[in-house]
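Each chain, written out:
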Amino acid sequence: MKHIDPQAAIRPTPQAKGYLDTLKSNGAFGRRVDAYIFAAAYALKNNVEISSVAFRGRQDLARMGIVDEDVRLALEAAVHTVQKRNGKPEAKDSGEVLDILTQYAEAGLKLLKERWQGKTGVQIQDDIRKIISQ
């Protein structure tokens, strides 16, 4: 299992960043990075279909080191497990693990945006508690 370099940058697409800004401003999440990581975990848990993410227009959101080490380890293990379950090869290096994680974050964010359409920050937080307890 490969690990993500804590110095690696988390780089969402402009569309994702726009929704991350919304989630922060409505109080659903205190930090955009937390929403992005949650979206990745949500997609990994649900084995969501992913596709490649264009590099164009992406901007640094944060460094992976800001994400708790135990959370990073859980995400790395989830990427490894899902790749194996889907018959795909193990990631070759830290960068590939982060690329795969980004694909899941982008896919998860799209699903969550649909799920949370029209909901307030408090309603989203209530839904997050439901998702976590499932």
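Scope of this entry: the structure provided in the associated data block. (Residues numbered from 1 in each chain as written. Predicted model: local features only at pLDDT ≥ 70, side-chain atom pairs only at ≥ 80, totals over all residues. Heavy atoms only, no water.)

Attention now goes to the packing of aromatic side chains. All chains considered together, the criterion is met by three aromatic pairs. On the numbers, 5.9 Å between centres and 50° between planes, the contact of Phe29 with Phe38 is tilted. Since its relative accessible area comes to 12%, Phe29 is described here as buried. Between Phe38 and Trp116, the ring centres sit 6.4 Å apart and the planes meet at 20°, which makes this aromatic pair stacked. A residue pair is termed long-range when its members are at least 10 positions apart, and Phe38 in helix α2 (residues 32-45) and Trp116 in the loop between α4 (94-115) and α5 (121-133) qualify at 78 residues. (Phe/Tyr/Trp six-rings, centres within 6.5 Å; stacked < 30°, edge-to-face > 60°. Buried < 20%, exposed > 50% of the residue type's maximum accessible area, 1.4 Å probe, protein only. Helix = DSSP H or I, 4+ residues; strand = E, 2+ residues; numbered from the N terminus.)

Another aspect to go through is the side chain of Thr13. Here Thr13 is to be found in the loop between β1 (9-10) and α1 (14-25). In this structure the side chain of Thr13 is engaged in a polar contact, spanning 2.7 Å, whose partner is the side chain of Glu106. Other than its neighbours up to four places away in sequence, Thr13 contacts Val53, Arg58 and Glu106. (Polar contact = N/O pair within 3.5 Å; in protein donor to acceptor, adjacent residues only side chain to side chain. Contact = heavy atoms within 4.5 Å.)

Along the chain, Arg58 falls in the loop between α2 and β2 (62-63). Asp99 is the oppositely charged side chain nearest to the buried, salt-bridge-free Arg58, at an N-O distance of 5.0 Å. At 2.6 Å, the side chain of Arg58 forms a polar contact with the backbone oxygen of Arg11. (Lys, Arg positive; Asp, Glu negative; His and termini not counted. Salt bridge = Lys/Arg side-chain N within 4 Å of Asp/Glu carboxyl O.)

Take the pattern of salt bridges next. Counted according to the given criterion, the structure contains eight salt bridges. Taking the shortest distance from any N to any O, the salt bridge between Asp21 and Lys17 comes out at 3.3 Å. Here Asp21 pairs with Lys17, and both are found in helix α1, just four residues apart, close to one helical turn. Residue Asp21 is classed as partly exposed on the basis of its relative accessible area, which comes to 29%. Its relative accessible area of 23% is what places Lys17 among the partly exposed residues. In this structure, Glu96 engages Lys92 in a salt bridge whose closest nitrogen and oxygen atoms are separated by 3.9 Å. The partly exposed category is assigned to Glu96, whose relative accessible area is 23%. Judged by its relative accessible area of 67%, Lys92 falls in the exposed class.

The next subject is the packing of α2 against helix α3 (residues 69-85). Direction vectors running N to C along α2 and α3 enclose 30°, while the axes themselves pass 10 Å from each other. Overall, the two elements α2 and α3 adopt an arrangement that is roughly parallel. Note that α2 runs across α3; the crossing there is left-handed. Taken together, the residues of α3 that come into contact with α2 (itself represented by Ile37, Ala41 and Leu44) are Val71, Leu75, Ala78, Val79, Val82 and Arg85. Within the contact of α2 with α3, the residues separate by chemical class into eight nonpolar, no polar and one charged. (Axes fitted to C-alpha atoms, helices over the stretch in contact; angles between N-to-C directions. Parallel < 35°, antiparallel > 145°, perpendicular 65-115°, else oblique. Left-handed = near helix turned anticlockwise from the far one by under 90°. Nonpolar A, V, L, I, M, F, W, Y, C, P; charged D, E, K, R; others polar.)

Right, let's get into the packing of α3 against α4. When two helices pack together, you describe them by how their axes are tilted relative to each other and by the distance separating the axes. Running from amino to carboxyl end, α3 crosses α4 at an angle of 85°, the nearest separation of the two axes being 10 Å. The angle between the axes of α3 and α4 places the two elements in the roughly perpendicular class. Two secondary-structure elements touch here, α3 through Leu75, Glu76, Val79, Val82 and Gln83 and α4 through Val97, Ile100, Leu101 and Tyr104.

A word on the nonpolar core. In this structure, Ile10, Leu23, Phe29, Tyr36, Leu101, Leu109 and Trp116 are the most contacted members of the largest nonpolar core, which totals 42 residues. Within the residue set of this core, elements represented by two or more residues are α1, α2, α3, α4 and α5. For Trp116, the contacting residues outside a window of four places in its chain are Tyr19, Leu23, Phe29, Phe38, Ile124, Asp127, Ile128 and Ile131. (Core = buried A, V, L, I, M, F, W, Y, C linked by side-chain atoms within 4.5 Å.)

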